Protein chains: 2
Amino acid sequence: MYYDVVVIGGSAAGVTAAVTARRFGPGKSICLVRKEEKVSIPCGIPYIFGTVGSPEKNLLPDTLLTGNGVDLKVSGVSGIDPKTHEVALSSGERLEYGKLILATGSTPIVPRIPGVEKQNVFSVKKDVPYLADLLEKVRGARNIVVVGGGFIGVEFAEECRKNGAEVSIVEMLPHCLMLTYDEEFCVMAEDALRAQGIQLYTGETASAILGGDSVEAVKLASGREVPADIVVLGIGVSPNTDLAKDAGLAIGPGRGIQVDRYMQTSDDDIYACGDCAEKYSFFGGKPSTLRLASIATMEARIAGANACGAHRENPGVIGVFSTVLGGTAFSAAGLNEKVAKELGFSVVTGQAEAVNRHPGSMPGATNLRVKLVFDKASEILLGGEIAGALSGGELINAVSVCIYQRMTASQMATLQVGTHPALTASPVAYQLVNAAEQALMKTRAS
Amino acid sequence: MYYDVVVIGGSAAGVTAAVTARRFGPGKSICLVRKEEKVSIPCGIPYIFGTVGSPEKNLLPDTLLTGNGVDLKVSGVSGIDPKTHEVALSSGERLEYGKLILATGSTPIVPRIPGVEKQNVFSVKKDVPYLADLLEKVRGARNIVVVGGGFIGVEFAEECRKNGAEVSIVEMLPHCLMLTYDEEFCVMAEDALRAQGIQLYTGETASAILGGDSVEAVKLASGREVPADIVVLGIGVSPNTDLAKDAGLAIGPGRGIQVDRYMQTSDDDIYACGDCAEKYSFFGGKPSTLRLASIATMEARIAGANACGAHRENPGVIGVFSTVLGGTAFSAAGLNEKVAKELGFSVVTGQAEAVNRHPGSMPGATNLRVKLVFDKASEILLGGEIAGALSGGELINAVSVCIYQRMTASQMATLQVGTHPALTASPVAYQLVNAAEQALMKTRAS
């Protein structure tokens, strides 16, 4: 069977690539192949374990495909032949393609520590039956240890805690979320976790999983043993590249499928996007290890369009994050102060804090703190961090646009913003603008 | 007494100009003169009448000035002499200035209709004792008629309704908020008002105020009489320019104090900002009638900096609005479809709608609808409208940045955004990006 466009992979990247291909190729035949019967919304997975309550309530609807005239085949893929333009399905069927888009995703990294194979040690697989099993066990658990204090780890911990279990996080770095936020924001996030009774073991590594057939405790490098009837591993992912490798496609230095700015692989008729694809930083073009659903969909909108004749370019990964811990939203975009300095930037930062209402006696008034990081010489915005009110989850997207546009502190200090008593800080106190002004003041003073 | 910088006016523009002058002139002597003993937060005024409950809880704190080393003088100003660089205060004192910043604000327009001088006919003055009197009367009122269905009118109506009175709005145009939103958004806003029991008389003008000494009804041009023990007039403002005129400064075609892009008036040592200053559109530079606190503070950050040696430029008014009606946030930035067409643009629009959570079973899931308006030939963004969840109040500021940066639909369709289950739509469904994609599809199809 021939299709103009075949997409392999049915999560955020694959679906978005297929839908975008449909938009840019209204007359094209498009097929998406995925191995999962049902697809979990990736970012929603931690919320299955508390707020949402079931993997069945966290599914990416197939109507996104069927409603856009995309054929769906549920099957594994056993091989790709770039010469004959063929995809061999595990079902035995062969698909001929005009353009192929690989959106094969990533697999959780399982650390090689003794006992990791024991029962009730889970990683965060995007697999509905596996997640349903984990959910049942979480509900009966007394002690849960989450290994890894990144986004998935802290979100899992908070959700698992809602079931009443004792929950601990083991994080190798001095703070949770430290790859994303500067220390002062990490401390706020950790305070929010501790306030919920979650135990944090930071600057600690899990050296062994103890127990019989089933896990009974996690042994830390410091010697401490933390009791556990369930262990959840959230220490990162590695790109799924086996199919690409077997087809002879080039692999990048970050172990993803190598792509150019058009998301084209080393074979011009094959694109890759999402977690399986190599990432490059917006800041200088170095390889990046960031893997997010929002990056995946951005890349998919490029790959899907280009597979139908467009020439969209990927400017590189900015990295825009959000989470909510203890009711406080934490967001970040671009480089934080620490990372920017590590990359050799001379930086100047600005901060501003105000409630998200005016006057402060308006209901719902919640603090909102903004930190901006600028390159000192050019005054160009490199990154921003926001903590506080939930509206920060959209404000960070204004910051992302400012980064993408390489705006200067002076431009940001005179941004035209919409403000309203029931929605935002006052125009006098508006945090984004005042953080930019503060950075300018520091530049002038130095 | 000599000051390097004298600011006349103590509302959003004046305060922001003084604080910015302090930032850019750390060693300068700065004085702000205002006639009001206490200053109302301008955007908060409607909320005094329901949510906030007192004008005393809606004050701009003087610590903004005193904490920044700005001298405050409470006095009227009787005249300005540009030749001698002197300001004469009503108190008899004379201030000599290096640079003068006029932030004299605006005055509500009172329509010349019979009976408008009757008791209990109010306009929305930024005057604390006047507002306290109005509040007392609103609390005892049975029938309140708001003349003018713009932002101030609809917000006043909603807040007054919270006191239990029958509230009506009389709006000349076919819909409320029609100067800002396209019809479909106006209809949503009107539905939200009607759902609260507010009576709307659109396409109607108030032709007379009836009654004895006090108002008893508002007569409409159609002949209908609407009972009223209180009338609130919210039909717009006119810039306060008397001082500027008397000092011989040029007045612009929109009847504001004429300013260039540096916010300099026809006298190089005198700046003007906020409602008193002439406005020019970001779109082509034509005079604009938009007057908002957020525009005022943007201009004040330019005027205050430039009075201390900076050369910030005003790119012209984009116009970014937000309000909340019946719990639904309505925001807009730039040109709506109707206005863009009236200005001669060939436009293409895109819309996208999704809940602001993912999966949709996350608590707080609320619909959020985004409409974007692009110039068809260049694909450059001209404006956006957002209705639904309160997070739209910050999302509109991302739209504002995109307008300011003259971003194209293609750029916006591949924006890197932060998404999170508890904060936003999924990255697959993200409204801002999908609205841009939809506009591109229409362009391609046409």
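Residues numbered from 1 in each chain as written. Chains lettered and ligands numbered in written order. Predicted model: local features only at pLDDT ≥ 70, side-chain atom pairs only at ≥ 80, totals over all residues.

### Section: the overall build of chain A
Logical step 1: Broken down by element type, chain A carries 11 helices and 24 strands.
Logical step 2: Taken over the C-alpha trace, chain A has a radius of gyration of 23 Å; the compact-globule value for 446 residues is 22 Å, and the two agree within 12%.
Logical step 3: Viewed in the frame of its principal axes, chain A has a C-alpha envelope of about 65 × 55 × 40 Å.
Logical step 4: A total of 446 residues make up chain A; the buried ones form 59% of that total.
Logical step 5: Taking contacts inside chain A between residues at least 6 apart in sequence as the whole, the part at least 24 apart equals 64%. (Helix = DSSP H or I, 4+ residues; strand = E, 2+ residues; numbered from the N terminus. Rg over C-alpha atoms; globule rule 2.2 N^0.38 Å. Buried ≥ 20, exposed ≤ 12 C-beta atoms within 10 Å, placed from the backbone. Contact = placed C-beta atoms within 7 Å.)

### Overview of the environment of L65 of chain A
Residue and element names in this part refer to chain A.
Logical step 1: Note on placement: L65 falls in helix α2 (residues 63-66).
Logical step 2: C-alpha of L65 to C-alpha of V15: the two residues are 50 residues apart in sequence and 7.0 Å apart in space.
Logical step 3: Not counting the four nearest positions on each side in its chain, L65 is found in contact with V15, A18, L32, V70 and L72.

### Considering the domain arrangement of chain A
All names here are of chain A.
Logical step 1: The assigned domain composition of chain A is domain 1 (2-107 + 238-306), domain 2 (110-235) and domain 3 (327-445).
Logical step 2: For domain 2 and domain 3, the distance between their C-alpha centroids amounts to 32 Å.
Logical step 3: At the interface, seven residues of domain 2 touch nine residues of domain 3. (Domains from an automatic or database assignment.)

### A look at the relation of the copies chain A and chain B
What relates the two chain copies is a rotation about an axis together with a slide along it.
Logical step 1: With an RMSD of 0.0 Å, chain A superimposes on chain B once it is rotated by 180° and translated 0.0 Å along the axis. Expressed as a symmetry operation, the mapping of one chain copy onto the other fits a two-fold axis. Among all C-alpha atoms of chain A, that of A398 of chain A lies closest to the rotation axis, at 1.9 Å.
Logical step 2: A shared interface surface links the copies, since 98% of the contact residues of chain A are contact residues in chain B too. (Least-squares fit on C-alpha atoms with pLDDT ≥ 70 in both.)

### Details of the interface of chain A and chain B
Logical step 1: Between chain A and chain B, the residue contacts involve 66 residues of the former and 65 residues of the latter.
Logical step 2: Those elements that place two or more of their residues in the side of chain A that touches chain B are α1 (12-24), α7 (293-306), β20 (320-325), β21 (328-334), α9 (392-404), α10 (409-413) and α11 (431-445) of chain A.
Logical step 3: Per-element accounting of the side of chain A that touches chain B gives the leading share, 10 residues, to α9 of chain A.
Logical step 4: By residue class, the composition of the side of chain A that touches chain B is 36 nonpolar, 24 polar and six charged. (Nonpolar A, V, L, I, M, F, W, Y, C, P; charged D, E, K, R; others polar.)

### A short note on the nonpolar core
Logical step 1: Membership of the largest hydrophobic core comes to 325 residues, with the highest contact counts inside it found for L102, V231 and C273 of chain A together with L102, V231 and C273 of chain B.
Logical step 2: C273 of chain A has contacts with A13, A17, I101, A103, M263, A296, E299, A300 and A303 of chain A, leaving out every residue within four places of it along the chain. (Core = buried A, V, L, I, M, F, W, Y, C linked by C-beta atoms within 7 Å.)

### Quick word on the packing of α9 of chain A against helix α9 (residues 392-404) of chain B
For any two helices packed against each other, the geometry comes down to the angle between their axes and how far apart the axes lie.
Logical step 1: For the pair α9 of chain A and α9 of chain B, the least separation of the axes is 7 Å and the interaxial angle reads 15°. One way to sum up the angle between α9 of chain A and α9 of chain B is to call them roughly parallel. Handedness of the α9 of chain A/α9 of chain B crossing: left-handed. Contacts between α9 of chain A and α9 of chain B involve E394, L395, N397, A398, V401 and C402 of chain A on the former and, on the latter, E394, L395, N397, A398, V401 and C402 of chain B.
Logical step 2: Here the residues of the contact of α9 of chain A with α9 of chain B are counted per class, giving eight nonpolar, two polar and two charged. (Axes fitted to C-alpha atoms, helices over the stretch in contact; angles between N-to-C directions. Parallel < 35°, antiparallel > 145°, perpendicular 65-115°, else oblique. Left-handed = near helix turned anticlockwise from the far one by under 90°.)

### Remarks on the sheet that holds strand β13 (residues 215-220) of chain A
Residues and elements named next belong to chain A.
Logical step 1: Strand order across the open sheet formed by three strands is β12-β13-β14, with antiparallel pairing between neighbours. Each end of this open sheet is capped by a strand with a single partner; those strands are β12 (206-211) and β14 (225-227). Neighbour-to-neighbour, the strand axes of this sheet turn through a mean angle of 25°, independent of strand direction. (Pairing = 2+ DSSP bridges.)

### Side note on the sheet that holds strand β15 (residues 230-233) of chain A
Residue and element names in this part refer to chain A.
Logical step 1: Pairing within the open sheet is parallel, and its five strands lie in the order β8-β15-β9-β10-β11. Each edge of the open sheet is held by one strand with a lone partner, namely β8 (121-123) and β11 (199-202). If you compare each strand with its neighbour and ignore which way they point, the axes differ by 20° on average.
Logical step 2: By the bridge criterion, four bridges tie strand β10 (residues 166-171) to β11 in an arrangement that is parallel. Of the residues in β11, the one forming a bridge with V170 is Y201.
Logical step 3: Along the sheet face, helix α4 (residues 151-161) touches β9 (143-147), β10 and β15 and points at about 170° away from the line of β10.

### Some thoughts on α7 of chain A
An α-helical segment advances 3.6 residues per turn. Residues three or four places apart therefore align on the same side.
Logical step 1: Over its 14 residues, α7 of chain A extends 20 Å from the first C-alpha to the last, a length consistent with the 20 Å expected when each residue adds 1.5 Å.
Logical step 2: Of all the 14 residues making up α7 of chain A, 14 are buried; the element is thus mostly covered by neighbouring parts of the structure. (Expected span 1.5 Å × (residues − 1).)

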